[in-house]
Amino acid sequence: MALPVTLAAAPLAYDPELEKVEIALLLEGIYRHYGFDFRAYAYASLRRRVWKRIQAERLETVSALQGRVLHDRAAMERLLLDLSIHVTAMFRDPDFYLTFRREVVPLLRTYPFIRVWHAGCATGEEAYSMAILLMEEGLYDRSRIYATDINEVVLQQAKAGIFPLDRMQEYTQNYLRAGGTRSFSEYYTAKYDGALIARSLFRNIVFSQHNLVTDRSFAECNVILCRNVLIYFDKTLQTQVHGLFYDSLVTFGVLALGSKESLRFSKFEECYEQLDSREKIYRKVK
Amino acid sequence: MTARVFDLVVVGTSWGGLHALTILVSSLPAAFALPLVVVQHRGRQGDSLLASLLQDHTGLRVAEAEDKEPLAPGHVHLAPPDYHLLVELGYCSLTTDPAVRYSRPSIDVTFESAADTYGKGVIGIVLTGANDDGSAGLRRIADRGGLAIVQDPATATSAIMPEAARRAVPSARVLALEEIPAFLVALAPSSSASQPPASRRSVASRPEPRR
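Caption draft 1: Region of the structure containing the overall build of chain A. The helix and strand inventory of chain A stands at 10 helices and 10 strands. Computed over its C-alpha atoms, the radius of gyration of chain A comes to 20 Å, within 12% of the 19 Å expected for a compact globule of 286 residues. Considering only C-alpha atoms, chain A reaches an extent of 60 × 50 × 40 Å along its principal axes. When the 286 residues of chain A are sorted by exposure, 42% land in the buried category. If you take every contact in chain A between residues at least 6 apart in sequence, the share linking residues at least 24 apart comes to 75%.

Right under this line is the structure:
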């Protein structure tokens with residue numbers, strides 16, 4: 001007999017309509033009590049994450065989880081990590097970086113100073129990847145990368161710049177496929193079981209907390225990177241955040257989304273032109 | 001006989017899936033009136049080759065799904081490599097949440113979300129494969145009142161996945177691969193020529209798929 005599989009989902013007896021009500025109440029409670037606003041997150045993925053937490057806490061219902069997180073800040077911190085963490089890797093989607101080198105770098109050469117906003121940077125792997133790319137293209141000295149995330153815990157990890165050593169082999173392969181021109185080992189020092197990112201990369205990265213749902217634009221950017229973050233938002237919130245990005249980009253600034261994200265379903269489609277047929281790299285044209 | 005009304009078809013497969021999917025989509029008419037969501041296990045670096053290989057054999061429209069893409073009749077929405085595909089009311093959404101038992105996309109994840117969103121409107125199909133992903137999801141589809149179909153393991157390139165699904169869902173219809181397309185056409189809403197395309201049932205435009 002095969003091992004039983006536990007789905008990250010409600011028990012069968014659960015009424016999906018009641019579940020919807022309870023999840024809405026949970027999110028409303030979190031917002032009113034703690035200020036974190038997950039009310040416009042995409043329902044299907046949010047719901048999986050909520051049930052994972054319910055199962056990990058050995059609870060039975062969404063309402064029980066609501067009671068626990070409202071009265072126990074530590075439980076809220078655990079749920080917050082579940083809800084806000086994005087899985088990432090250095091040079092994730094190597095093809096994206098190849099295309100970025102080919103299509104975007106020539107545009108960036110025309111700017112005296114380059115502001116890059118990496119929205120939803122999580123633990124920083126992709127922000128450091130962009131720093132490496134800009135350094136190899138001779139642009140890093142006149143660049144500043146603003147890497148932001150909603151979650152203070154992951155930002156601390158990002159600032160530390162220490163990644164698991166056992167992932168370096170994968171990252172090295174990604175780096176080579178992404179068009180890297182040097183040896184990837186130049187960019188980190190192995191220490192115990194961690195890989196410490198080279199100090200030269202820290203120079204022009206600023207990590208800070210920013211909430212895409214509630215915070216405003218903070219700079220005029222030449223590039224905004226926001227890959228596989230908006231997929232966790234519902235369509236209304238996606239549109240709102242696209243408004244924020246639009247306001248934060250200079251004319252002819254570049255917006256890079258995940259390869260399976262699209263402006264097709266947002267009202268901002270006509271404000272941009274796509275720079276590549278495959279990667280979702282757009283240029284603001286009006 | 002009471003006609004059951006279905007909203008979408010979800011298909012899961014792994015080893016041997018390209019061959020099985022080719023037979024499935026090549027035998028369905030272009031006017032097939034339900035959306036199909038297909039999860040095929042493949043490597044993280046998998047490119048869009050699968051979509052173009054399948055497209056060569058069918059009048060259905062085959063494409064890797066993008067986030068928030070509307071579910072459309074006659075369309076094959078393929079789960080992209082390295083993402084889970086979740087079914088929401090009228091559209092697909094994607095996540096990069098961790099792999100489930102080494103798989104991303106995971107068949108269980110897609111099937112579960114389809115079952116909980118569309119209930120008895122779901123037709124779930126498990127085809128050939130060399131692991132047991134899809135069993136728990138198919139069980140969920142059946143438990144929520146949907147229709148479970150399993151490829152006859154004797155006709156599968158790898159029998160492990162359909163056998164596991166049959167064990168998990170004893171009530172599932174077991175069909176030879178070649179029988180599945182005609183079976184689906186009989187279950188799908190009529191797409192006769194007398195019906196103008198604009199009025200054809202579309203999942204995206206139906207506010208109340210359940211009940």
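Anyway, onward from the coordinates.
Caption draft 2: Just the environment of R92(A), in detail. Mapped onto the elements, R92(A) comes out in the loop between α4 (73-84) and α5 (94-108). Classification of R92(A) as buried rests on a count of 21 C-beta atoms within 10 Å.

Caption draft 3: Structural context of the interface of chain B and chain A. On the chain A side, the residues contacting the 24 residues of chain B number 20 residues. Mapped by element, the contributors of at least two residues to the side of chain B that touches chain A are β5 (84-88), β6 (91-95), α3 (107-118) and α4 (135-143) of chain B. A per-element tally of the side of chain B that touches chain A places α3(B) first, with four residues. Among the residues making up the side of chain B that touches chain A, the classes are represented as eight nonpolar, four polar and 12 charged.

Caption draft 4: Spatial organisation of the sheet that holds strand β9 (residues 173-175) of chain B. Residues and elements named next belong to chain B. Overall, parallel pairing links the seven strands, which are arranged β3-β4-β2-β1-β7-β8-β9 in an open sheet. Looking at which strands have only one partner, the edges of the open sheet turn out to be β3 (61-64) and β9. For this sheet the average axis-to-axis angle between neighbouring strands, irrespective of direction, equals 20 degrees. Here α3 sits on the sheet and contacts β1 (8-13), β2 (36-40) and β7 (122-126); the angle it forms with β1, its principal contact strand, is near 165 degrees. In this fold helix α6 (residues 180-187) packs onto β1, β7, β8 (147-151) and β9, with an angle of close to 175 degrees to the strand it touches most, β7.

Caption draft 5: Geometry of the sheet that holds strand β7 (residues 221-226) of chain A. Residues and elements named next belong to chain A. With respect to topology, seven strands assemble into an open sheet ordered β6-β2-β1-β7-β8-β10-β9, the strand pairing being mixed. This sheet does not close on itself; its edge strands, each paired only once, are β6 (205-209) and β9 (272-274). Each strand of the sheet is rotated relative to its neighbour by a mean of 20 degrees, with strand direction disregarded. Pairing of strand β8 (residues 249-257) with strand β10 (residues 281-284), which is carried by three bridges, proceeds in the antiparallel orientation. Across the sheet, the residue bridging to L255 is Y282, located in β10.

Caption draft 6: Up close: the pairing of β2(B). Residues and elements named next belong to chain B. With five of five residues buried, β2 is to be regarded as a mostly interior element. Side chains L36, V38 and Q40 project from β2 onto one buried face, and the interleaved V37 and V39 project onto a second face that is buried too. Relative to β2, β1 runs parallel, the two being bridged by five bridges. Residue pairing for β2: V11 is matched across the bridge by V38. Remark: the β1/helix α1 (residues 17-26)/β2 crossover connection has right-handed handedness. Sheet topology places β2 next to strand β4 (residues 75-78); three bridges connect them, and they run parallel. By the bridge assignment for β4, V37 is matched with H77.

Caption draft 7: Highlighting the packing of α4(B) against helix α5 (residues 160-168) of chain B. Residues and elements named next belong to chain B. The interhelical angle for the contact between α4 and α5, taken along N-to-C directions, is 40 degrees, at an axis separation of 9 Å. Between α4 and α5, the interaxial angle falls into the category oblique. The crossing of α4 and α5 is right-handed. Side by side, α4 and α5 meet where S135, A136, L138 and R139 of the first sit next to A164, A165 and A168 of the second. Here the residues of the contact of α4 with α5 are counted per class, giving five nonpolar, one polar and one charged.

Caption draft 8: Highlighting the environment of E273(A). Residues and elements named next belong to chain A. Its place among the elements puts E273 in strand β9. Classification of E273 as exposed rests on a count of 12 C-beta atoms within 10 Å. It is 6.6 Å that separates the C-alpha atoms of E273 and K284, two residues lying 11 residues apart in sequence. Those residues in contact with E273 that lie beyond four places of it in its chain are Y282, R283 and V285.

Cut-offs used in this document
- Residue numbers restart at each chain and count upward from 1, following the sequence in its written direction.
- Labels follow written order: the first chain is A, the first ligand is 1, and so on.
- Restriction of local features to residues with pLDDT of at least 70 applies here, the model being predicted, together with a cutoff of 80 or more for giving and counting side-chain atom pairs; totals for whole chains, interfaces and linings are based on all residues.
- Numbering goes from the N terminus for both helices and strands, where a helix is a DSSP run of H or I of at least four residues and a strand is a run of E of at least two.
- C-alpha atoms define the radius of gyration in this analysis, and the globule rule sets the expected value at 2.2 Å times the number of residues to the power 0.38.
- Residues with at least 20 neighbouring C-beta atoms inside 10 Å of their own are called buried, those with 12 or fewer are called exposed, and the rest are partly exposed, where every C-beta is derived from the backbone.
- Our contact criterion uses C-beta atoms placed from the backbone: two residues qualify when those atoms are within 7 Å.
- Each residue gets one label: Ala, Val, Leu, Ile, Met, Phe, Trp, Tyr, Cys and Pro are nonpolar, Asp, Glu, Lys and Arg are charged, and the others, such as Gly, are polar.
- Being paired, for any two strands, means DSSP has found at least two bridges between them.
- A fitted line through C-alpha atoms serves as each axis, taken over the contacting stretch for helices, and the angle formed by two N-to-C directions is quoted from 0 to 180°.
- Handedness rule for crossovers: strands pointing away from the viewer, path from the first strand over the helix to the second running clockwise, crossover right-handed.
- An angle below 35 degrees is read as roughly parallel, one above 145 as roughly antiparallel, one from 65 to 115 as roughly perpendicular, and any other as oblique.
- Note on convention: the crossing is left-handed when the near helix lies turned anticlockwise from the far helix by less than a right angle, right-handed when the turn is clockwise.

As far as function goes, none of this settles anything; it's purely spatial.
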